[in-house]
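Per-entry structural report
This is what each chain is made of:
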Amino acid sequence: MRTLNIAQSQSTPQISYDRQEHVLRITGESYPENSFEFYAPVTAWVKEHLAVENRLRLDINVSYMNSSSTKCMLDLLDLLEDAHQKGGAIDIVWRYDRDNPRSLDLAEEFKEEVTFPFSIVSEEF
Amino acid sequence: MDLFQLREQFSNDGIMMCFNGPFSHSIIEEMGTAIKNHLANENIARVAVQDVFAAYIEMTQNARNYLTRRDIPTGDTGSATIMIAKKDDIYVVTSGNVVLREDIAELTSRVDGINALDLDSLKKEIRRQLRSELPPGSLGAGIGLMEMAKRSGSGLEYSIREIDDRFSFFTLRVQIQQA
C-alpha cells in the first residue's frame, strides 16, 4: 500500500497518512484553485486504502474550507460511510479553534451526514 | 491621474483594499492573506474575519471560474475588480467582472432566487446542491453564491452596466456584519 503525503500550501491543507496510527491527517486551509483536481488523488488513495485495509481514522484540523472543498470532503465522507456499513473501523476526529465557530458549524453539518463515530474537539490554538 | 485624489476617495469611502487587473489564483491567495492579517489587527470577532474572508474567496473564485469557463480573453476583459471596504460597523466585499450579455438573465434570476430564500431554505438548498451530481469539468460546486448569502444574512446586491453588444459589467456586493 503506497502512502499519501501532500505538502501544505497557502490555499491547500497538508494531507498525510500515518501508517503506524492508521490516521489520515488533514491540516490547514482549503481553497484550492481547482478543488476537484486537488482532492482527486486523496479520494483515489482512500478508496485504495479501504479496499486493502478496512480501517481508517481521519484527523481533521481545517480552519477554512471553500464551497467546492466542502463538496469534495462530503464525497470522502461517503466513501468512509460505505466502509463503515461494511463493518470497517472508521472514525473522524475534527479539531477546531474554539474562537472559530464556523469550523464547528461545518463539523456539525458533516457529522449529520454519517453514522460512524465523529468527535468534535474544541482546542485553543 | 491624481493619486492623492484617488487616495482621498478611498479613505472617504472606507476602502481598505482594492485590486483591479488580470487576476490569478496566486493573487487571490496573496490578497486573501493580506485581508486576514489586516482584519486580525482590527479587534473584531474571529467569526466576522472568517465570514469576510469566505465571502472574498467565494466571490473571487466564482469570477475567475466564470471568466475561465466562458473563455473570456485575459487582458482588460479578463480582469476583475475586487474591493473590501468598511462602512460604520459593516464590511462590504465587492467584485466586478465582465460577463457575456447572454448570461445576464440566468445570472440575475439565480441571485434573485437566492435572495428570496430564508436561512433555513438556504441551508437546505446548499445541502441539496452538495448532494447533486456535477457536470464533468465543473470548476466549482455551484454553491458559492448561496454560501455568501448564508454568511451575510442580508442578501446579495448586484448591478449591471452595458459595455457593448457582447459584454456587460456585473458587480456583486455582499455585506458582513461585524458581529
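Sequence order as written defines residue numbering, which begins from 1 separately in each chain. Whichever chain is written first is A, and whichever ligand is written first is 1; the rest continue in order. This being a predicted model, a pLDDT of at least 70 is required before a residue's local features are given, and a value of 80 or more before pairs of side-chain atoms are given or counted; all residues contribute to the totals for chains, interfaces and linings. In computing side-chain values, all of the structure's heavy atoms are included and hydrogens and water are not.

**Section: the sheet that holds strand β5 (residues 167-177) of chain B**
All names here are of chain B. Two strands qualify as a pair provided DSSP detects at least 2 bridges between them. Each helix is a run of DSSP H or I of at least 4 residues and each strand a run of E of at least 2, with the numbering of both proceeding from the N terminus. Read across the sheet, five strands follow the order β1-β2-β3-β5-β4 without closing on themselves; strand pairing throughout is antiparallel. Among the strands making up the open sheet, the edge pair consists of β1 (15-22) and β4 (156-162). Going across the sheet, the axis of each strand differs from the next one's by a mean of 15°, ignoring polarity. Bridge count for strand β3 (residues 90-100) against β5 is eleven bridges, and the pairing is antiparallel. Counted as the bridge partner of Ser95 is Leu172 from β5. Every residue pair with non-hydrogen atoms within 4.5 Å of one another is taken to be in contact. What counts as an axis is a line fitted to C-alpha atoms, over the stretch in contact for a helix, and the angles between N-to-C directions run from 0 to 180 degrees. The strands touched by helix α2 (residues 25-40) within the sheet are β1, β2 (79-87) and β3, with β1 carrying the most contacts at an inclination of about 175°.

**Describing the sheet that holds strand β1 (residues 5-6) of chain A**
Strand order in the open sheet formed by six strands is β1-β2-β3-β4-β5-β6 (chain A), and the pairing between neighbours is mixed. Looking along the sheet, the strands with just one partner apiece sit at the ends: β1 and β6 (118-123) of chain A. In terms of strand pairing, strand β4 (residues 55-65) of chain A meets strand β5 (residues 89-97) of chain A through six bridges, oriented parallel. In the strand pairing of β5(A), A:Asp59 is matched with A:Val93. On the sheet, helix α2 (residues 67-85) of chain A packs against β3 (23-30), β4 and β5 of chain A and is oriented at approximately 165° with respect to β4(A). Running at roughly 90° to β4(A), helix α3 (residues 46-69) of chain B makes contact with β3, β4 and β5 of chain A of the sheet.

**Some points on the interface of chain B and chain A**
On the chain A side, the residues contacting the 29 residues of chain B number 25 residues. A carboxyl oxygen of Asp or Glu within 4 Å of a side-chain nitrogen of Lys or Arg is what we treat as a salt bridge. One can count eight salt bridges joining chain B with chain A. Here A:Asp78 ties to B:Arg131 by a salt bridge, and the two come within 2.6 Å at their closest N and O atoms. Here a polar contact is taken to be a pair of N or O atoms separated by no more than 3.5 Å, where protein atoms must pair a possible hydrogen donor with a possible acceptor and residues adjacent in sequence count only if both atoms sit in side chains. Linking chain B to chain A there are 17 residue pairs in polar contact (both at pLDDT 80 or more). Element by element, the count of residues in the side of chain B that touches chain A is highest for α3(B), at ten residues.

**Topic: the confidence of the model for chain B**
All names here are of chain B. As a per-residue quantity, pLDDT reports the predictor's confidence and falls between 0 and 100. Of all residues in chain B, 98% attain a pLDDT of 70 or more, and the chain-wide mean is 91. Of all secondary-structure elements in chain B, the lowest mean pLDDT belongs to β1, at 91, while β4 reaches the highest, 97. Overall fold confidence for the complex sits at a pTM of 0.94, while the interface term, ipTM, reaches 0.93.

**Digging into the nonpolar core**
Where a protein is soluble and globular, its nonpolar side chains tend to be buried together. Nonpolar core, defined: a set of buried Ala, Val, Leu, Ile, Met, Phe, Trp, Tyr and Cys residues in which side-chain atoms within 4.5 Å join the residues together. Each residue gets one of three labels from its accessible area relative to the maximum for its type: buried under 20%, exposed over 50%, partly exposed in between, using a 1.4 Å probe on protein chains only. By size, the foremost hydrophobic cluster in this structure holds 84 residues, and its most contacted members are A:Leu56, A:Leu80, A:Trp94 and B:Tyr56. Examining the composition of this core, we find that twelve residues originate from one element, α3(B), more than from any other. Setting aside its immediate chain neighbours within four residues, B:Tyr56 contacts B:Ile27, B:Ile28, B:Met31, B:Gly32, B:Ile35, B:Ile82, B:Ile84 and B:Val93.

**Topic: the pattern of salt bridges**
On inspection of all chains with the given rule, the structure shows 22 salt bridges over all chains. Between B:Arg128 and B:Glu125 there is a salt bridge, with the nearest N and O atoms lying 2.7 Å from each other. Here B:Glu125 and B:Arg128 lie together in helix α5 (residues 119-130), a separation of three residues that amounts to about one turn. We classify B:Arg128 as partly exposed; its relative accessible area is 49%. Through salt bridges with shared partners, a single network forms among A:Arg102, A:Asp105, B:Asp51, B:Glu147 and B:Arg151.

**Comments concerning the packing of α3(B) against helix α6 (residues 144-152) of chain B**
All names here are of chain B. One way to put it is that α3 packs onto α6 with a least axis distance of 9 Å and a crossing angle of 160°. Relative to α6, α3 is oriented roughly antiparallel. Along this stretch, α3 crosses α6, giving a crossing that reads as left-handed. Contact residues: Gln50, Asp51, Ala54, Ala55, Glu58, Met59 and Asn62 in α3; Gly144, Leu145, Glu147, Met148 and Arg151 in α6. Ten residues, namely Ala, Val, Leu, Ile, Met, Phe, Trp, Tyr, Cys and Pro, are considered nonpolar, four, namely Asp, Glu, Lys and Arg, are considered charged, and the remaining ones, Gly among them, are considered polar. Within the contact of α3 with α6, the residues separate by chemical class into five nonpolar, three polar and four charged. The cut-offs work like this: below 35 degrees is roughly parallel, past 145 is roughly antiparallel, 65 to 115 is roughly perpendicular, and the gaps in between are oblique. Two helices that cross are described as forming a left-handed crossing if the nearer one is turned anticlockwise from the farther one by less than a right angle, and a right-handed crossing if clockwise.

**A few points about α5(B)**
Every α-helical turn comprises 3.6 residues, leaving residues that sit three or four positions apart pointing alike. All names here are of chain B. Here, expected helix span is obtained from the residue count minus one, scaled by 1.5 Å. Taking 1.5 Å of rise per residue, twelve residues should cover 16 Å, and α5 covers 16 Å from first to last C-alpha, within 8% of that figure. Of all the positions in α5, only Leu122, Ile126, Gln129 and Leu130 are classed as buried. With its buried residues spanning 100° around the axis, α5 presents them on a single face. Seen from the buried face of α5, the exposed residues on the opposite side, beyond 90 degrees, are Asp120 and Lys124. The directions considered for the arc run from the helix axis to the C-beta atoms.

**Things to note about the packing of helix α1 (residues 35-52) of chain A against α2(A)**
Residues and elements named next belong to chain A. Where α1 contacts α2, the axes come no closer than 10 Å and their chain directions differ by 10°. Put simply, α1 runs roughly parallel to α2. Judged by residue contacts, Ser35, Phe36, Tyr39, Val42, Thr43, Val46, Lys47 and Leu50 of α1 engage Ser68, Ser69, Lys71, Cys72, Leu76, Leu79, Leu80 and Ala83 from α2. Its residues assigned to classes, the contact of α1 with α2 shows ten nonpolar, four polar and two charged.

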